[in-house]
Amino acid sequence: MPQPSGRARIVLAEVSRRDTRDSRAERTRAEIAQQTRVGEALVRGLVRAQMALALRMSLVVLIGLGGLPWLFAIAPAVGRVTVFGVNLPWLLLGLASFPFLIAVGWAYVRLAERNEQDFTDLVQRPER
């Protein structure tokens, strides 16, 4: 059986760099937890991003669903179109609105999670 050599290579620069990165990320997390000015600014930025996203998605729903009655009022011929014996307004507002709302909700969740991931990456990012 071969004997292990008594020598070991220790690289202190890598350990030191990792510890510095970890301490900086820990400092940022502490600032958020202690609600310092920096922590408040970071959280306020996340809240602002989430609010802007919610307002944009609300605008999409408002235009998408709220625009249909306007369309039928401006162009009454479109409102009289029938598909499979059912008037187009009933189909759009009664059936097509649900997949539309599900798609908007799915997009909102994905984009909100992306905002949160960006925030997490910012907090855990090593300072340069």
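Preceding this paragraph is the structure being described.
Reference entry: report on the structure contained in this document. (Residues numbered from 1 in each chain as written. Predicted model: local features only at pLDDT ≥ 70, side-chain atom pairs only at ≥ 80, totals over all residues. Heavy atoms only, no water.)

1. Some details on the packing of helix α2 (residues 37-74) against helix α4 (residues 88-124)
Helix packing for two helices is described by the angle between their axes and how far apart those axes are.
In step 1: Packing of α2 against α4 brings their axes to within 10 Å, and their N-to-C directions diverge by 165 degrees. Taken together, the axes of α2 and α4 are roughly antiparallel relative to one another. α2 and α4 meet at a crossing whose hand is right-handed.
In step 2: Per-class residue counts for the contact of α2 with α4 are 24 nonpolar, four polar and one charged. (Axes fitted to C-alpha atoms, helices over the stretch in contact; angles between N-to-C directions. Helix = DSSP H or I, 4+ residues; strand = E, 2+ residues; numbered from the N terminus. Parallel < 35°, antiparallel > 145°, perpendicular 65-115°, else oblique. Left-handed = near helix turned anticlockwise from the far one by under 90°. Nonpolar A, V, L, I, M, F, W, Y, C, P; charged D, E, K, R; others polar.)

2. A few points about α2
In step 1: Over its 38 residues, α2 runs 52 Å from end to end, which matches the ideal 56 Å to within 8%, given 1.5 Å per residue.
In step 2: Of all the bends found along α2, the most pronounced is centred on Gly67 and spans about 35 degrees, while Pro69, a proline, follows it within four residues.
In step 3: Along α2, the residues classified as buried are Gly39, Leu42, Gln50, Leu53, Met57, Leu68 and Phe72. (Expected span 1.5 Å × (residues − 1). Bend = angle between axes of the 7 residues up to and from the residue. Buried < 20%, exposed > 50% of the residue type's maximum accessible area, 1.4 Å probe, protein only.)

3. Notes on α4
In step 1: With 37 residues, α4 ought to run about 54 Å at 1.5 Å a step, and its terminal C-alpha atoms sit 52 Å apart, in line with that.
In step 2: Most pronounced at Ala96, the bend in α4 amounts to some 45 degrees, and the proline Pro99 follows within four residues.

4. Digging into the side chain of Ser97
In step 1: Mapped onto the elements of the fold, Ser97 is located in helix α4.
In step 2: Looking at Ser97, its side chain comes within polar contact range of the main-chain oxygen of Leu93, at 2.8 Å.
In step 3: Excluding residues that lie within four positions of it along the chain, Ser97 makes contacts with Leu65 and Leu92. (Polar contact = N/O pair within 3.5 Å; in protein donor to acceptor, adjacent residues only side chain to side chain. Contact = heavy atoms within 4.5 Å.)

5. Details of a nonpolar patch on the surface
In step 1: On the surface, a cluster of nonpolar side chains totalling about 320 Å² of accessible area is made up of Leu59, Leu62 and Ile63.
In step 2: Counting through the fold element by element, Leu59 comes out in helix α2.
In step 3: Its relative accessible area of 47% is what places Leu59 among the partly exposed residues. (Patch = residues over 30% accessible without salt bridge, like charges linked within 9 Å, V, L, I, M, F, W, Y side chains within 5 Å. Areas by Shrake-Rupley, 256 points an atom, 1.4 Å probe, with all protein chains shown as cover. Salt bridge = Lys/Arg side-chain N within 4 Å of Asp/Glu carboxyl O.)

6. Quick look at the environment of Val61
In step 1: Locating Val61 in the fold gives a position in helix α2.
In step 2: Judged by its relative accessible area of 22%, Val61 is partly exposed.
In step 3: The sequence separation of Val61 and Val104 amounts to 43 residues, and the corresponding C-alpha distance is 7.5 Å.
In step 4: Excluding anything up to four places from it in sequence, Val61 contacts Gly66, Phe100, Leu101 and Val104.

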